Amino acid sequence: MSTRRRSPAAVLLVPLSAAAVLALSGCGGDGDGESAPRRTKEPADSRNSASKGSERPSSSGALGEMRNGDGIVVTITSAAREDGGFVTVQGTVTNRGAKLFNALEWRSKETVMRSQSAVSGATLVDAKGKKRYLVLRDTDGECLCSTGLTGIKPQESRPLFAQFPAPPSDVTAVDFQIPTMPSVRIALSG
């Protein structure tokens, strides 16, 4: 696994970057600007399972699950509000198919993104507030998300995480989306 981690000081957003993130995400935010996003610990490798399109916790503790026709399963295990005004979504991606999987289609299309194997194209959608939140970036333009999602062998699982600007505190559930995968509604904690 090739997941980069940075210290909190390395992810401080300069005013221009913060403005770009807010403009791209369509998020109003609370504007306090006191805390910058930090990377949180990724979940340990797990093989949680739930029914297709699950929107409520299963007995395995999953918040939701997304499946595509190629046997790729994304299980969301946590969507927590963090200090500093952001949300960290964690889970696993499991290849239950017969072919090697590369998450190249899951990356964002913007030119600042250097990683070719990240989940940088993920979004959170607040349907009630009609806002879409994009994955946060550090000052180098790198996503605050899982990278190195290539060469996932059949029956292999890898941890997945992404950080987003937090929706308003009255928003308790959002739709989590990854390109090429169906969306899933997940509850926010914290």
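What counts as what
- Residues numbered from 1 in each chain as written.
- Predicted model: local features only at pLDDT ≥ 70, side-chain atom pairs only at ≥ 80, totals over all residues.
- Heavy atoms only, no water.
- Pairing = 2+ DSSP bridges.
- Helix = DSSP H or I, 4+ residues; strand = E, 2+ residues; numbered from the N terminus.
- Axes fitted to C-alpha atoms, helices over the stretch in contact; angles between N-to-C directions.
- pLDDT = per-residue confidence, 0-100.
- Contact = heavy atoms within 4.5 Å.
- Buried < 20%, exposed > 50% of the residue type's maximum accessible area, 1.4 Å probe, protein only.
- Polar contact = N/O pair within 3.5 Å; in protein donor to acceptor, adjacent residues only side chain to side chain.
- Core = buried A, V, L, I, M, F, W, Y, C linked by side-chain atoms within 4.5 Å.
- Salt bridge = Lys/Arg side-chain N within 4 Å of Asp/Glu carboxyl O.

Draft legend 1. Just the sheet that holds strand 5 (residues 131-134), in detail. Ordered by their spatial adjacency, four strands build an open sheet running 5-4-7-8, and the pairing between neighbours is antiparallel. Because the sheet does not close on itself, it has two edges, and the strands there are strand 5 and strand 8 (184-187). Neighbour-to-neighbour, the strand axes of the sheet open up by a mean angle of 35°, direction not taken into account. In this structure, strand 4 (residues 123-126) lies alongside strand 5, joined through four bridges in antiparallel fashion. If you follow leucine 124 over to strand 5, its bridge partner there is tyrosine 133.

Draft legend 2. Summary view of the confidence of the model for the protein chain. Scored by pLDDT, the protein chain has a mean of 74; 64% of the residues are at 70 or more. Predicted confidence for residues 1-59 stays below pLDDT 50, and this span has 118 contacts to residues more than four positions away or in other chains.

Draft legend 3. The arrangement of the sheet that holds strand 3 (residues 86-95) in detail. Reading across from one edge, 1-2-3-6 is the order of the four strands in this open sheet, with antiparallel pairing throughout. Every interior strand has two partners, whereas the edge strands, strand 1 (64-67) and strand 6 (157-165), have only one. Averaged over neighbouring strand pairs, the angle between their axes works out to 25° when direction is ignored. By the bridge criterion, four bridges tie strand 1 to strand 2 (residues 72-82) in an arrangement that is antiparallel. Paired with arginine 67 across the two strands is valine 73, which belongs to strand 2.

Draft legend 4. Quick look at the side chain of arginine 158. Inspection of the secondary structure assignment puts arginine 158 in strand 6. Among the residues examined, arginine 158 registers a relative accessible area of 10% and is labelled buried. Only 2.9 Å separates the side chain of arginine 158 from the backbone oxygen of threonine 150, close enough to count as a polar contact. At 3.0 Å, the side chain of arginine 158 and the side chain of glutamate 156 are in polar contact.

Draft legend 5. Broad picture of the nonpolar core. Trp106, Phe176 and Ile186 are the most contacted members of the largest nonpolar core, which has 34 residues in total. Elements supplying a minimum of two residues to this core: strand 2, strand 3, strand 6, strand 7 (173-177) and strand 8. For this core, the element with the most residues is strand 2, which contributes four residues.

Draft legend 6. Region of the structure containing the pattern of salt bridges. Going through the model one piece at a time under the given rule, you end up with four salt bridges. One salt bridge in this structure joins arginine 67 and glutamate 65, with 2.9 Å as the shortest N-O distance. A salt bridge links glutamate 156 to arginine 158; its shortest N-O distance comes to 3.0 Å.

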